[in-house]
Amino acid sequence: MMRSLRQPGAPFTPRVISLGCHAEKARLTFKPGRSVLEAVHEALAETGCDSAMIEVRGGAFAPLAYVTPTLSDDGIHAAWYSDIHAPDGRAPIEDLVMTFGRRDGEPFLHGHGVWRHEDGLRAAGHVMPKDSQFAELVEAEAWLMSGAIMDQLEDSETRFRLFTPVPHTAAPPITTRRAVLCRLKPNEPIHPAIERTAAEHGIERATLHGIGSLVGCTFADGQVMESAASELLIRKGTLSPDRSGQAKAKLDIAIVDTECTIFECEIAYGVDAVCITFEVLIVEE
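A brief report on the enclosed structure follows. (Residues numbered from 1 in each chain as written. Predicted model: local features only at pLDDT ≥ 70, side-chain atom pairs only at ≥ 80, totals over all residues. Heavy atoms only, no water.)

Below, the discussion takes up the overall build of the chain. Across its full length, the chain holds 2 helices and 19 strands. For 285 residues, the compact-globule estimate of 2.2 N^0.38 gives 19 Å, and the C-alpha radius of gyration of the chain, at 18 Å, lies within 12% of that figure. Dimensions along the principal axes, computed over C-alpha positions, put the chain at roughly 50 × 45 × 35 Å. The buried share of the chain, taken over its 285 residues, is 54%. Carbon and sulfur atoms form 49% of the exposed surface of the chain, whose accessible area is close to 11,900 Å². (Helix = DSSP H or I, 4+ residues; strand = E, 2+ residues; numbered from the N terminus. Rg over C-alpha atoms; globule rule 2.2 N^0.38 Å. Buried < 20%, exposed > 50% of the residue type's maximum accessible area, 1.4 Å probe, protein only. Areas by Shrake-Rupley, 256 points an atom, 1.4 Å probe, with all protein chains shown as cover.)

Take a look at the structure:
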């Protein structure tokens, strides 16, 4: 049976919020000496775009501030966050994925990553974008978007403010590739949700990019993460037809559980469901 986690509010439809848009790949350089949020905003401003999905593999933070997942004991939420971890020194980045959008009309981002503390400890979690800085010039690959942006809105089901796709026409138009920006809701089976959403937008082949959380996780190699709360990033995601011609999603992820254990592997097909949210950009190939 697929795992699920009861949320404090009633579920409501649609279970996937999606918006068709267009995406274009770009290289960005983030500067040190300002918060991660400011550095990313500055780099994007040079492109004239303020909606993006960003992937970093390399560079470092100094300082780094982040939280890890926990189950909630506040009687309000199903899952929550640890106290802030603030390791000393330089923290090299292995993988970092950030959704860049807005909150209360101002730039904002949501980022999950894997990094090492200066003492060698390998860790992962949710980066605090106003309290962390890049230690040096950091290169990133980004999918710039036009037509849609993530806006952090109140969600009655989870009682969180969550990035949610909304129409956006302020940035210069991009026509390079068709794409779909979406948020998957709690307890939604992840593979079928992505496949169904892509099909609704007429996309059969795509790359998949994003971050989110799962209610436990079963991996293709037989590993099992039992934790009901987690933070993850997509290392590599694809959508392509199988032998029958049916488009199937594959997701290779890095995920951290409530014990701060990191798992890395492809997810077993059709087994796992969303915990709180899953932000996905589907980019047509």
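We are not done yet, so read on.
On to the pairing of strand β19 (residues 274-284). Where burial is concerned, most of β19 is hidden: 10 out of the 11 residues are buried. Where strand β12 (residues 177-184) and β19 come together, 6 bridges link them in antiparallel fashion. Bridge pairing in β19 places leucine 181 opposite leucine 281. The pairing of strand β13 (residues 206-214) with β19 spans 8 bridges and is classified as antiparallel. Within β19, the position partnered with glycine 210 by the bridge is valine 280. (Pairing = 2+ DSSP bridges.)

Across the 8 residues of β12, 6 count as buried, placing the element largely inside the fold. Bridge analysis of strand β1 (residues 16-30) against β12 gives 8 bridges, and the strand direction is antiparallel. Across the sheet, leucine 19 pairs through a bridge with leucine 181, a residue of β12.

Turning our eyes to something else, we now look at the nonpolar core. Residues Phe30, Val40, Ile54, Phe61 and Phe134 are the most contacted members of the largest nonpolar core, which totals 52 residues. Of the residues forming this core, the biggest block, 8 residues, is contributed by strand β10 (residues 138-155). One finds Met225, Leu232, Ile234 and Phe263 within the second-largest nonpolar core, a separate group that totals 30 residues. (Core = buried A, V, L, I, M, F, W, Y, C linked by side-chain atoms within 4.5 Å.)

On to unusual backbone geometry. Going from threonine 13 to proline 14, the amide bond is cis rather than trans, its omega being 0°. Checked against the element boundaries, proline 14 lands in the segment before β1. The amide bond that connects alanine 62 to the next residue, proline 63, takes the cis arrangement and shows omega of 0°. Looking at where proline 63 falls in the secondary structure, it is placed in the loop between β3 (60-61) and β4 (66-67). With a phi close to 60°, arginine 159 is a non-glycine residue in the positive phi region.

With the rule as written, the count across this model stands at 17 salt bridges. Here glutamate 136 and arginine 90 are joined by a salt bridge, their closest N and O atoms 3.0 Å apart. Taken together, the positions of glutamate 136 in the loop between β9 (122-127) and β10 and arginine 90 in the loop between β6 (79-81) and β7 (91-103) put the pair 46 residues apart, joining distant regions of the chain. Note on glutamate 136: relative accessible area 27%, which makes it partly exposed. Of the charged contacts, one joins aspartate 151 and arginine 102 as a salt bridge, the two residues approaching to 3.3 Å between their closest N and O atoms. Taken together, the residues aspartate 151 in strand β10 and arginine 102 in strand β7 connect sequence positions 49 residues apart. On the basis of relative accessibility, which here comes to 12%, the residue aspartate 151 falls in the buried class. (Salt bridge = Lys/Arg side-chain N within 4 Å of Asp/Glu carboxyl O.)

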